[in-house]
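# Close look at the chain arrangement
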Amino acid sequence: MSIRFALNRTCAPQLPLDAFIALATSVGVQAVEIRNDIEGREFADGTPARDVLARLQDVGLEVASVNALQRFNDWSPTRAKQAEAIIAYASALGAPGVVLCPVHNEDHGWTDAQAEKNLRNGLRQLRPILQVHGITGYVEPLGMKGSTMKRQDMAVAAVTDIDGWDDYKLCYDTFQYFRCGDTRLFPQHIGLAHMSGIARTDLSPGDLVEPDRGLVFVGDRVGNIAKLRGLKAAGYEGFVSMEPFSPEVQNDPELVAHLRASLEYVSTLLKAA
C-alpha cells in the first residue's frame, strides 16, 4: 500500500454535506475528515452518524477521523461529556480515530511541569472512553504560541509514560511542526497526517496562523514534499489529509480544479521519490 489522500472538512466548511462529499469524490481522495466544530454542519447540527456514514458509503469514501476534541489536556466533567459525544459519534461513523488537540491560548498560565502533568492526566482519563468505543486517540501537537504541547517528543513521552500506545497514535501535521521548528520523526507512532501549504513570505514561521494555511504547490515554505517523502520512506501507509484554513481556498470558485491540481502535484512528487 502507499499513502492515501483525504480531505479535511476545512477545505469547504461552507458546503452542505452532500456537496462536500461530491467535492471529495471529484478530486479523487479516498476519505474525509469530519469535524465536530463547524456550526450548522454534520455533528454540530445533529445529523445522525448513520446518515453521514450511509452517504459516504454510497460513494465509496472512508472516514479518516473526527476532528477534534479540543483542550483534551484540561480535563473536567465538561470535557468528559464532550469526549463521550465525539468518540461515540466517531465509532458510529466507523472512523478509526479522533484527533486530540491541546490547550493553546497564550494566557493558559501553566508552568512546564503543570503542562506535563495535565497532559498525562488527560490521556489517562480519555483512555477508558476510547477503549469502550474501539477508537484511537490521534494526539496532535500544535506548534503555535501558547500551545501546551508543541512538539512531538512531548506527546511521545507522555503516551509512553502511561503505557498507552495501544490506544493512542500521533497526528503528524506538517504546518504545526514547520512553525515551531520540530524536525523529529516518530513514524512508528503516526496514525494520521495533515498537510497544508504556506505561500506567504512576509512572516516568520512562528508568526503564521491557521488562515495562512493553503494548498500545496511549488514554492510551499512548509516543505510538505520532503516531510511526506520522509514519512513514506519510513513506511507510513495511512491517510494524508489536506487541511487548509485559508478563506481564499475555502471560497475559491475554482476549488475543485485547484484542489485536484494540488493533490496531483503532491502525488506525482511522492511517486517520483
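These lines cover the structure that appears in this document, whether it is placed above or below. (Residues numbered from 1 in each chain as written. Predicted model: local features only at pLDDT ≥ 70, side-chain atom pairs only at ≥ 80, totals over all residues. Heavy atoms only, no water.)

## What about the pairing of strand 6 (residues 168-173)?
Consecutive side chains along a regular strand alternate between the two faces of the sheet. Heads up, the condition is: Only protein chains enter the calculation, and the probe is 1.4 Å; a residue is then buried if its accessible area is under 20% of its type maximum, exposed if over 50%, and partly exposed in between. Only DSSP runs of H or I covering at least 4 residues are called helices, and only runs of E covering at least 2 are called strands; the numbering of each starts at the N terminus. Note on pairing: DSSP must find at least two bridges between two strands before they are called paired.
Most of strand 6 is tucked away: five of the six residues are buried. One ladder, built from four bridges, connects strand 6 with strand 7 (residues 190-195); its direction is parallel. Paired with Leu 170 across the bridge in strand 7 is Ile 190.

## A look at the packing of helix 2 (residues 49-58) against helix 3 (residues 77-93)
The description of two helices packed together rests on the angle between their axes and the distance between the axes. Convention followed: Whenever a helix is involved, its axis is fitted only over the stretch in contact; in every case the axis is a line through C-alpha atoms, and angles between N-to-C directions fall within 0 to 180 degrees. Note on convention: near helix rotated counterclockwise from far helix by under a right angle means a left-handed crossing. Clockwise means right-handed. Whether two residues touch is decided by their heavy atoms; if any such pair falls within 4.5 Å, the residues are in contact. In this classification, the charged set is Asp, Glu, Lys and Arg, the nonpolar set is Ala, Val, Leu, Ile, Met, Phe, Trp, Tyr, Cys and Pro, and all remaining amino acids, among them Gly, are polar.
Relative to each other, helix 2 and helix 3 sit at 35 degrees, their axes nearing to 8 Å. Crossing of helix 2 over helix 3 shows right-handed handedness. Side by side, helix 2 and helix 3 meet where Ala 49, Val 52 and Leu 53 of the first sit next to Tyr 89, Ala 92 and Leu 93 of the second. A class-by-class count of the residues in the contact of helix 2 with helix 3 yields six nonpolar, no polar and no charged.

## Points about the pairing of strand 3 (residues 62-69)
For the record, the criterion: Seen with its strands pointing away from the viewer, a crossover is right-handed if its path from the first strand over the helix to the second goes clockwise.
Taking burial as the measure, the eight residues of strand 3 include seven buried ones, the bulk of the element. Two strands pair when backbone bridges link them, and strand 2 (residues 31-35) and strand 3 are joined in this way by five bridges, in the parallel orientation. Bridge assignment links Arg 35 to a residue of strand 3, and that residue is Asn 67. Note on the crossover from strand 2 through helix 2 to strand 3: the handedness is right-handed. Sheet topology places strand 3 next to strand 4 (residues 97-100); three bridges connect them, and they run parallel.

## Notes on unusual backbone geometry
Across the junction of Asn 67 and Ala 68, the peptide omega takes the value 15 degrees, indicating a cis bond. Summarising the element assignment, Ala 68 is placed in strand 3. Phi is positive for Phe 43, which is not a glycine, with a value near 75 degrees. Among the structural elements, Phe 43 can be located in the loop between strand 2 and helix 2.

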